[in-house]
Amino acid sequence: MSAPTLERPGGDSPVDTAALQEHFDATIAAEHRIEPRDWMPEGYRKTLIRQIAQHAHSEIIGMQPEGDWLLAAPSLRRKAILLAKVQDEAGHGMYLYSAAETLGADRADLTDKLIERKQKYSSIFNYPTLTYADVGVIGWLVDGAAICNQVPLCRSSYGPYARAMIRICKEESFHQRQGYELLMTMMRGTAEQRAMVQDAVDRWWWPSLMMFGPPDDDSPNSAQSMAWGIKRHSNDELRQRYVDMSVPQAEFLGVTLPDPELRVDPETGHHRFGTIDWEEFKRVISGQGPANDERIARRRAARDDNAWVIEAATAYARKHGGGRATAELAPESAA
Ligand SMILES: CC(C)(COP(=O)(O)OP(=O)(O)OC[C@H]1O[C@@H](n2cnc3c(N)ncnc32)[C@H](O)[C@@H]1OP(=O)(O)O)[C@@H](O)C(=O)NCCC(=O)NCCSC(=O)Cc1ccccc1
């Protein structure tokens, strides 16, 4: 629900920043939404642009690991499913860039910052996809983690971001199910197929836990983002929820999660798990993961190779009465 708008002071009237801040604080406290027209503190705007841009970049870069398998899908059915999923990811990226634009960000500028490595994207997409089982495990574990992280963001305090999340989560749910269904099929197959699934789980489990971000005592942005209602839960809370959710799914599937310390804590009922390799996480987010260079190089090539489409569309729009030509007219090709 949106709060009643406090008119921005117009003309020469002095800006009463204290009153604007008070109204903003009251809106957040009442769990109402902040909308693009509303006054907001500069830190709130910057934090949102940072998080939404990283999220958008993750969706766009996230097309690559699975996109690699589009031409090698084992059947027409699998290919159609994968194609739909990768296209959804492009759509999520576009949707999120639009949300960032409502805060005054420029889409082309955000893309440039990604390519110049001035903005991050999720660590998870810097790992290679070695077999088709990886497609299933990305759906199950990576989309599963994305859902766990993003469902609470449907209640984020910034209206356009929260609304984008509702649609995105519905599609992520399909992504997760198609992955789990693919893995169930493989687990009913040959011993070699089962071994492929287990190998993929072994490689993706720990990186998927890293998707939730650093531990709470080493998460510089969490406290302020939670106070502003941008984030609704801490990184560790969501990671715990994810582990608790995934363990029974792994058992049903018949795979072993690669953590000898994983066990239920009888007092809390939650699963305790082993120590995450935070050094690996830091290496990956600083650009030294297994596939960082490849991911950025492909994104750079897609931007440069498609520049003519944007130029042509902009020229056409100008000629035909000022319609707006934007980057979504150019395919954000993963290839
Ligand atoms: C939880 C967190 C990711 C991080 O919390 P914050 O409060 O923002 O930060 P915090 O202080 O805890 O961290 C300190 C620094 O570390 C950075 N960092 C942390 N974690 C990571 C990481 N894992 N990877 C890289 N960097 C990370 C963080 O940005 C910050 O850096 P900065 O200060 O900017 O230099 C939050 O931004 C969020 O919920 N985002 C929205 C969800 C979202 O973006 N989802 C993306 C996946 S979408 C998907 O998977 C769909 C899909 C599926 C399959 C195929 C294709 C697509």
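Residues numbered from 1 in each chain as written. Predicted model: local features only at pLDDT ≥ 70, side-chain atom pairs only at ≥ 80, totals over all residues. Heavy atoms only, no water.

**Concerning the state of the cysteines**
Right, on to step 1. On inspection of all chains with the given rule, the structure shows zero disulfides.
Right, on to step 2. Here Cys 148 is not cross-linked by a disulfide; its sulfur's nearest cysteine counterpart is in Cys 169, at 10 Å.
Right, on to step 3. Accessibility expressed as a relative area gives 7% for Cys 148, which makes it buried.
Right, on to step 4. Of all cysteine sulfurs in the structure, the one in Cys 169 sits closest to Cys 154, which takes part in no disulfide; the separation is 4.1 Å. (Disulfide = S-S within 2.5 Å. Buried < 20%, exposed > 50% of the residue type's maximum accessible area, 1.4 Å probe, protein only.)

**Considerations on helix α13 (residues 307–319)**
Right, on to step 1. Taking 1.5 Å per residue as the helical rise, α13 with its 13 residues ought to reach 18 Å, and the 18 Å between its terminal C-alpha atoms agrees with that figure.
Right, on to step 2. The set of residues buried in α13 consists of Val 309, Ala 313 and Ala 317. All buried residues of α13 lie within an arc of 65 degrees about the axis, which places them on one face of the element. Facing away from the buried side of α13 by more than 90 degrees, the exposed set consists of Trp 308, Glu 311, Arg 318 and Lys 319.
Right, on to step 3. One or two residues past the end of α13 sits Gly 321, with phi positive at roughly 95 degrees. (Helix = DSSP H or I, 4+ residues; strand = E, 2+ residues; numbered from the N terminus. Expected span 1.5 Å × (residues − 1). Arc of directions from axis to C-beta.)

**A few points about the site of the ligand**
Right, on to step 1. In the neighbourhood of the ligand, 35 residues make up the surrounding shell, with Gln 54, Lys 120, Ser 219, Lys 231 and Asn 235 lying closest.
Right, on to step 2. Separating a nitrogen atom of the ligand from a backbone N or O atom of Met 210 is a distance of 3.2 Å.
Right, on to step 3. Against a free-state accessible area of 1100 Å², the protein chains account for coverage of 91% of the ligand.
Right, on to step 4. Only α2 (42–61), α4 (76–101), α6 (132–150), α7 (159–187) and α11 (278–288) provide two or more residues apiece to the shell around the ligand. (Near = heavy atom within 4 Å. Polar contact = N/O pair within 3.5 Å; in protein donor to acceptor, adjacent residues only side chain to side chain. Areas by Shrake-Rupley, 256 points an atom, 1.4 Å probe, with all protein chains shown as cover.)

**Digging into a negative patch on the surface**
Right, on to step 1. Residues Asp 216, Asp 217, Asp 218 and Glu 237 make up a contiguous surface patch of negative charge.
Right, on to step 2. By the element assignment, Asp 217 lies in the loop between α8 (191–210) and α9 (222–227). (Patch = residues over 30% accessible without salt bridge, like charges linked within 9 Å, V, L, I, M, F, W, Y side chains within 5 Å. Salt bridge = Lys/Arg side-chain N within 4 Å of Asp/Glu carboxyl O. Lys, Arg positive; Asp, Glu negative; His and termini not counted. Charge placed at Lys NZ, Arg CZ, Asp CG, Glu CD.)

Remember, this is a structural readout, not a statement about activity or role.
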